[in-house]
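Observations on the model geometry
Chain by chain, the residues run as shown.
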Amino acid sequence: MTDRLVYWAYALGWAVLKHLPEPVARGLFDRLADYAWRRRGKRVLQLEANLRRVRPELDEAAMRSLSRAGMRSYLRYWMESFRLPVWSRARVARDVRVEGFENLRGPMEAGRGAVITLPHMGNWDLAGTWVAQQGYPFTTVAERLKPERLFDRFVEFREGQGMEVLALTGGSVNVIGTLARRLREGRLVCLVGDRDLSEAGIGVSFFGEATRMPAGPAALCQRTGAALLPVTLWYDGPVLRARIHPEVVVPEEGDRKERTRAMTQEMADVWERGIREHPQDWHMLQKFWLADLPVRETVRTPSAVRAEAAPEAAPEPAAEASGS
């Protein structure tokens, strides 16, 4: 799909889908998910390759069933996000259930600030809206998308939900410095942090294999004294559930790099347990483990702090579903 087609596809979603009756919208996106799944495009095949690491005991039929559920969960994220601007506070409160909120409330009330980190799981936009409605507006980081108009629409959408969005590149502010300043002010930062295959990423073991994750969350917490709080998300029928896990504390031993690595591994271990429990809601349609990359290939990212404005594979299911 060209940049122009991608933009108009998303613009149509925001303009039209929020006005459809919910059963119609949900049925439409389930059909789109099933169509993309049946076509067996590269993103669906990669999703299955990733899920085999999560659930290696499944036979082929069970894996196909899981990947179909995964595509439906992924398209549900988009359906909900297109409709979220017209959801009332009561609707958000009804459809989001959060465990462990005291793990966030404690450091925020103490004035420490906190970094919430989460994988590409469930609906992070909906969860973020719920957090902002509890009186904790937050700052996040968005990697620029093409076309520029699409990036601007995502920023506008998220700012409308109570988020401060910093552009990772091309902006006039120092991203790391601004995040650190917000945390020192006792505020909240939210980052999607389960994938950074650049050379700046921290090597971790995930489901027994090597990958890389961003150093930014752990480094920011060491720098500012903020609490590092991993979160997992999953769908439970019509409800989005979230679990705010206990703080990942800074180790007493080791230099800064060693402490960052230990904290990032602990964060990854928390996510691993959550993804194992709810694999269909981990929306990882890209290469994730280093073993899947050719020698010396890395994802080109300008920074170790990553919090995508949209899932990196966002245009792909639309392309598959349109037959382009």
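Right, let's walk through the structure included here.

About the thresholds
Starting from 1, residues in each chain are numbered consecutively following that chain's sequence as written. Per-residue local features are limited, in this predicted model, to residues with pLDDT of at least 70; the limit for side-chain atom pairs, both in listing and counting, is 80 or more; totals at the level of whole chains, interfaces and linings are taken over all residues. To get the side-chain values, all heavy atoms of the structure are used, and hydrogens and water are removed first. For the purposes of this entry, the term helix denotes a DSSP run of H or I that reaches at least four residues, the term strand denotes a run of E that reaches at least two, and both are numbered from the N terminus. For every residue, the accessible area obtained with a 1.4 Å probe (protein chains only) is divided by the maximum for its type, and the residue is called buried under 20%, exposed over 50%, and partly exposed between those limits. Two residues qualify as a contact provided that any one of their heavy atoms is within 4.5 Å of a heavy atom in the partner residue. Under the convention used here, a 1.4 Å probe and the Shrake-Rupley method define accessible areas, while residue burial counts only the protein chains that appear. Criterion used throughout: strands pair if DSSP finds at least two bridges between them. Lines fitted to C-alpha atoms define the axes, with helix axes restricted to the stretch in contact, and inter-axis angles between N-to-C directions lie between 0 and 180 degrees. What the arc describes is the spread of directions from the helix axis to the C-beta atoms. To estimate the expected span of a helix, count its residues, drop one, and scale the result by 1.5 Å. Here the angle decides the label: under 35 degrees means roughly parallel, over 145 means roughly antiparallel, 65 to 115 means roughly perpendicular, and every other value means oblique. Take the far helix as the reference: if the near one is turned anticlockwise from it by less than a right angle, the crossing is left-handed, and if turned clockwise, right-handed. Residue polarity follows a fixed list, in which Ala, Val, Leu, Ile, Met, Phe, Trp, Tyr, Cys and Pro are nonpolar, Asp, Glu, Lys and Arg are charged, and the others, Gly among them, are polar. Grouping buried Ala, Val, Leu, Ile, Met, Phe, Trp, Tyr and Cys residues that are joined through side-chain atoms within 4.5 Å yields what is termed a nonpolar core.

**Overview of the overall build of the protein**
When its secondary structure is counted, the protein shows 12 helices and 9 strands. Out of the 324 residues belonging to the protein, those deemed buried represent 55%. If you take every contact in the protein between residues at least 6 apart in sequence, the share linking residues at least 24 apart comes to 79%. Accessible surface computed for the protein: about 13900 Å², of which carbon and sulfur atoms make up 52%.

**Remarks on the sheet that holds strand β9 (residues 239-244)**
Within a sheet, adjacent strands bond to each other through the backbone by hydrogen bonds, running parallel or antiparallel. What the 7 strands build is an open sheet, ordered β1-β9-β8-β2-β5-β3-β4; its pairing is mixed. Two strands bound the open sheet, and with one partner strand each, they are β1 (96-99) and β4 (163-167). This sheet shows a mean twist of 25 degrees between the axes of neighbouring strands, independent of strand direction. Pairing between strand β3 (residues 138-142) and strand β5 (residues 188-192): 2 bridges, direction parallel. Within β5, the position partnered with Thr139 by the bridge is Val189. Strands in contact with helix α11 (residues 256-277) are β2 (114-118), β8 (227-236) and β9; relative to β8, the strand with the most contacts, it is inclined by about 10 degrees.

**Considerations on helix α6 (residues 101-109)**
Listed as buried for α6 are Phe101, Leu104, Pro107 and Met108. The buried residues of α6 occupy an angular sector of 145 degrees when the element is viewed end-on, so they sit on one face. Seen from the open side of α6, the exposed residues pointing more than 90 degrees away from its buried face are Glu102 and Glu109. Close packing links the buried residues of α6 with β1, β2, α7 (124-133), β5, β8 and β9. Once α6 ends, the next one or two residues include Gly111, with phi positive near 80 degrees.

**Considerations on the environment of Cys190**
Turning to its location among the elements, Cys190 is positioned in strand β5. A relative accessible area of 10% means that Cys190 is categorised as buried. Here the alpha-carbon distance between Cys190 and Pro137, two residues 53 residues apart in the chain, equals 9.9 Å.

**Here's the deal with helix α2 (residues 22-39)**
The terminal C-alpha atoms of α2, which comprises 18 residues, lie 26 Å apart, in line with the 26 Å expected from a rise of 1.5 Å per residue. Residues of α2 that are buried: Glu22, Ala25, Gly27, Phe29, Ala33, Asp34, Ala36 and Trp37.

**Re the packing of α2 against helix α4 (residues 60-83)**
Direction vectors running N to C along α2 and α4 enclose 140 degrees, while the axes themselves pass 8 Å from each other. Taken together, the axis directions place α2 and α4 in an arrangement best described as oblique. Two packed elements cross with a definite hand, and for α2 against α4 that hand is right-handed. Across from Glu22, Ala25, Arg26, Phe29, Asp30, Ala33, Asp34, Ala36 and Trp37 in α2, the residues of α4 making contact are Arg64, Ser67, Arg68, Met71, Arg72, Leu75, Arg76, Trp78, Met79, Phe82 and Arg83. Split into classes, the residues belonging to the contact of α2 with α4 amount to 10 nonpolar, 1 polar and 9 charged.

**Describing the nonpolar core**
Met71, Leu104, Leu188, Phe206, Leu233 and Trp282 are the most contacted members of the largest nonpolar core, which totals 83 residues. Not counting residues within four places of it along the chain, the set of residues in contact with Leu188 comprises Leu104, Met108, Ala114, Ile116, Val131, Tyr136, Pro137, Phe138 and Thr139.

Worth remembering: the numbers are spatial, not functional.
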